[in-house]
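Structural features, examined
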Amino acid sequence: MPGYLTHIIFGHKILPENIKNVKMYNLGLMGPDILYYDKSDPKYKIIADTLHEIDSTNLIKRLKQESREYALGFFLHNYLDKKIHPRILILERTTNKSHTKIETIIDAALLKKEWNTKVAKLDKNFFPQRLPASFIRIFEEELYRSFGIEDVHLKDIYHTFLKNFSLLYEFYYLKAVLVYIMYLITFGNFNYKDYYIFKTPSVDILKDYGIDILWKEAIKEVVPLVKGIF
Ligand SMILES: [Zn+2]
């Protein structure tokens with residue numbers, strides 16, 4: 001899957017004018033990935049994987065009644081995953097880099113190309129502080145109704161996501177160094193180093209990786225799709 005910044009940059013590339021709650025839109029752009037930030041229970045990874053695989057039309061429809069912004073973001077997340085994920089799998093084989101490392105490189109290169117900034121400098125205050133109770137209720141209800149997924153406590157998951165997101169990305173360079181030291185002294189057992197990048201890659205890498213062409217295609221394809229649904 002593409003990294004979180006690729007999703008956010010993509011969403012903002014096609015940001016419809018009538019989007020009011022940009023933070024809910026950003027959260028929608030994270031799609032089911034927020035569940036991956038909670039490693040306390042292996043079931044969250046399974047649920048996130050499932051939500052990537054199943055048809056989420058009903059979930060999106062239901063969520064649209066509560067937050068149009070969130071639903072649109074969620075739709076775009078799924079769309080971009082499907083578009084770019086296969087390419088990243090190929091790159092894993094051809095570059096011998098980890099999935100995460102490739103995502104991090106693409107995130108940084110796109111950020112440079114589209115927003116002309118660096119990951120370390122970016123203000124990462126993307127998401128709402130808390131979620132509306134009605135949104136949480138509807139999300140949990142719909143997971144159960146459509147997919148039989150129960151025991152998802154979205155309020156807690158969201159709290160963990162926000163905490164771990166800032167743990168990873170606040171004070172970026174400091175974290176990058178700490179994570180690298182931890183990697184060395186644990187002989188690779190503590191392995192978060194691929195989430196960071198010290199030097200912004202050249203934007204040419206988007207061409208070399210074949211992302212450039214997919215990105216352009218995606219923007220062209222998705223605009224009429226969005227108009228049809230939202
Ligand atoms: Zn995803």
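Data block above holds the structure.
Predicted model only: the values in this text are computed from it and were never measured.

Below, the discussion takes up the overall build of the protein. The number of helices and strands found in the protein is 11 helices and zero strands. When the helices and strands of the protein are listed from N to C terminus, the series reads α-α-α-α-α-α-α-α-α-α-α. Its C-alpha atoms give the protein a radius of gyration of 18 Å, near enough to 17 Å, the size a compact globule of 230 residues would have. Considering only C-alpha atoms, the protein reaches an extent of 45 × 40 × 30 Å along its principal axes. Burial analysis of the protein (230 residues in total) assigns 28% to the buried set. Taking the intrachain contacts of the protein between residues at least 6 apart in sequence as the baseline, contacts between residues at least 24 apart amount to 72%.

With that settled, consider helix H1 (residues 4-13). Along H1, seven of the 10 residues are buried, which leaves the element largely enclosed by surrounding structure. Every buried residue of H1 is accounted for by Tyr4, Leu5, Thr6, His7, Ile8, Phe10 and Gly11. Its buried side turned inward, H1 meets helix H2 (22-29), helix H5 (68-95), helix H6 (99-115) and helix H11 (211-229).

Nonpolar side chains in soluble globular proteins tend to be buried together. Ranked by size, the top nonpolar core spans 44 residues in total, and within it Ile34, Leu63, Ala71 and Ile106 carry the most contacts. Those elements giving two or more residues to this core turn out to be H1, H2, helix H3 (42-53), helix H4 (57-66), H5, H6, helix H8 (154-169) and H11. The greatest single-element share of this core, amounting to 10 residues, is contributed by H5. Contact partners of Ile106, with chain neighbours within four places excluded, come to Pro2, Gly3, Thr6, Tyr209 and Ile211.

Orientation of H4 relative to H5, taken along the N-to-C sense of each, is 155°, at an axis distance of 6 Å. Classified by the angle between their axes, H4 and H5 sit roughly antiparallel to one another. In contact with Ile60, Leu63 and Lys64 of H4, H5 contributes Arg68, Tyr70, Ala71, Phe74 and Phe75. Grouping the constituent residues of the contact of H4 with H5 by class yields six nonpolar, no polar and two charged.

Definitions and limits used
- Residues numbered from 1 in each chain as written.
- Predicted model: local features only at pLDDT ≥ 70, side-chain atom pairs only at ≥ 80, totals over all residues.
- Helix = DSSP H or I, 4+ residues; strand = E, 2+ residues; numbered from the N terminus.
- Rg over C-alpha atoms; globule rule 2.2 N^0.38 Å.
- Buried ≥ 20, exposed ≤ 12 C-beta atoms within 10 Å, placed from the backbone.
- Contact = placed C-beta atoms within 7 Å.
- Core = buried A, V, L, I, M, F, W, Y, C linked by C-beta atoms within 7 Å.
- Axes fitted to C-alpha atoms, helices over the stretch in contact; angles between N-to-C directions.
- Parallel < 35°, antiparallel > 145°, perpendicular 65-115°, else oblique.
- Nonpolar A, V, L, I, M, F, W, Y, C, P; charged D, E, K, R; others polar.

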